[in-house]
Amino acid sequence: MPCEGAYILKKQAEHEIILEKLFSRSGKFYNDLYSQGLINDKFSAGYECSNTFAFADVSGESRDPDRLFGLVTAELEAYAADFDAMFTQEDFEACKRVVYAGCVKSWQSSDDIANGFMDL
């Protein structure tokens, strides 16, 4: 079933909100990894969705990529095991505001606007 543009945008927003909670620079997980020297400021997470594919990516640079992979995997598994307890309504509202602000900011760039239309 081909995805309609509105469906793709909804899925994009949903996943970006979740990734914001899990891996944002203001979050505990990110700051723990950063303070341990496992990541630098290039660490990020994102989600892409189209009619034919969808994926989330977590990327960055690390001195110990195997350890970092294990910690990211464990974080994802912990959220999957008890998502409702770990992602509260307050978390959702805060992350939604951050993602919304990022969307608004992207409309200031003609490159971002063009990329957005090409994704639909």
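Our subject is the structure that appears above.
Keep in mind that what you see is a predicted model, and the values were worked out from it rather than measured.

Bringing the overall build of the protein into the picture now. Scanning the protein for helices and strands turns up six helices and two strands. The helix and strand sequence of the protein, counted from the amino end, reads α-α-β-β-α-α-α-α. Per-residue burial over the protein gives 22% buried out of 120 residues. Carbon together with sulfur atoms contributes 56% to the accessible area of the protein, which is approximately 8300 Å² in total.

Moving on, we come to the nonpolar core. Soluble globular proteins tend to bury their nonpolar side chains together. If you look at the biggest cluster of nonpolar residues, it comprises 15 residues, and the most contacted ones within it are Phe23, Phe29, Leu33, Ile39, Phe43, Leu68 and Val72. Where this core is concerned, the elements lending two or more residues are α1 (5–23), α2 (28–35), β1 (44–49) and α3 (65–81). At four residues, the largest contribution of residues to this core is made by α1.

The interhelical angle for the contact between α1 and α3, taken along N-to-C directions, is 120°, at an axis separation of 11 Å. Classified by the angle between their axes, α1 and α3 sit oblique to one another. Crossing angle aside, the handedness with which α1 passes α3 is right-handed. Seen from α1, the contacting residues are Lys21, Leu22 and Phe23; seen from α3, they are Val72, Glu75, Leu76 and Tyr79. For the contact of α1 with α3, the class distribution of residues is five nonpolar, no polar and two charged.

In a structure, side chains of opposite charge can pair up when their charged atoms sit close to one another. Taken as a whole, this structure holds five salt bridges when the rule is applied. For Lys11, the salt bridge is made with Glu14, and the minimal N-O distance between the two is 3.0 Å. Placement of the pair is Lys11 and Glu14 together in helix α1, with a separation of three residues, close to one helical turn. Among the residues examined, Glu14 registers a relative accessible area of 27% and is labelled partly exposed. A salt bridge links Lys21 to Asp91, with the shortest nitrogen-to-oxygen separation between them at 3.4 Å. Here Asp91 lies in helix α5 (residues 89–106) and Lys21 lies in helix α1, a separation of 70 residues in the sequence. The class of Lys21 is partly exposed, set by a relative accessible area of 23%. Taking relative accessible area as the criterion, Asp91 reaches 19% and is therefore assigned buried.

This next bit is on the packing of aromatic side chains. What the rule picks out here adds up to six aromatic pairs. Clustering of aromatic rings is evident, with ring pairs tying together Phe23, Phe29, Tyr30, Tyr34 and Phe43.

Structurally, Glu75 can be placed in helix α3. Among buried Asp, Glu, Lys and Arg side chains, Glu75 stands out as unpaired, with Lys21 the closest opposite charge at 7.4 Å. Excluding residues within four positions of it along the chain, Glu75 makes contact with Leu22 and Phe29.

Scoring rules and cut-offs
- Residues numbered from 1 in each chain as written.
- Predicted model: local features only at pLDDT ≥ 70, side-chain atom pairs only at ≥ 80, totals over all residues.
- Heavy atoms only, no water.
- Helix = DSSP H or I, 4+ residues; strand = E, 2+ residues; numbered from the N terminus.
- Buried < 20%, exposed > 50% of the residue type's maximum accessible area, 1.4 Å probe, protein only.
- Areas by Shrake-Rupley, 256 points an atom, 1.4 Å probe, with all protein chains shown as cover.
- Core = buried A, V, L, I, M, F, W, Y, C linked by side-chain atoms within 4.5 Å.
- Axes fitted to C-alpha atoms, helices over the stretch in contact; angles between N-to-C directions.
- Parallel < 35°, antiparallel > 145°, perpendicular 65-115°, else oblique.
- Left-handed = near helix turned anticlockwise from the far one by under 90°.
- Contact = heavy atoms within 4.5 Å.
- Nonpolar A, V, L, I, M, F, W, Y, C, P; charged D, E, K, R; others polar.
- Salt bridge = Lys/Arg side-chain N within 4 Å of Asp/Glu carboxyl O.
- Phe/Tyr/Trp six-rings, centres within 6.5 Å; stacked < 30°, edge-to-face > 60°.
- Lys, Arg positive; Asp, Glu negative; His and termini not counted.

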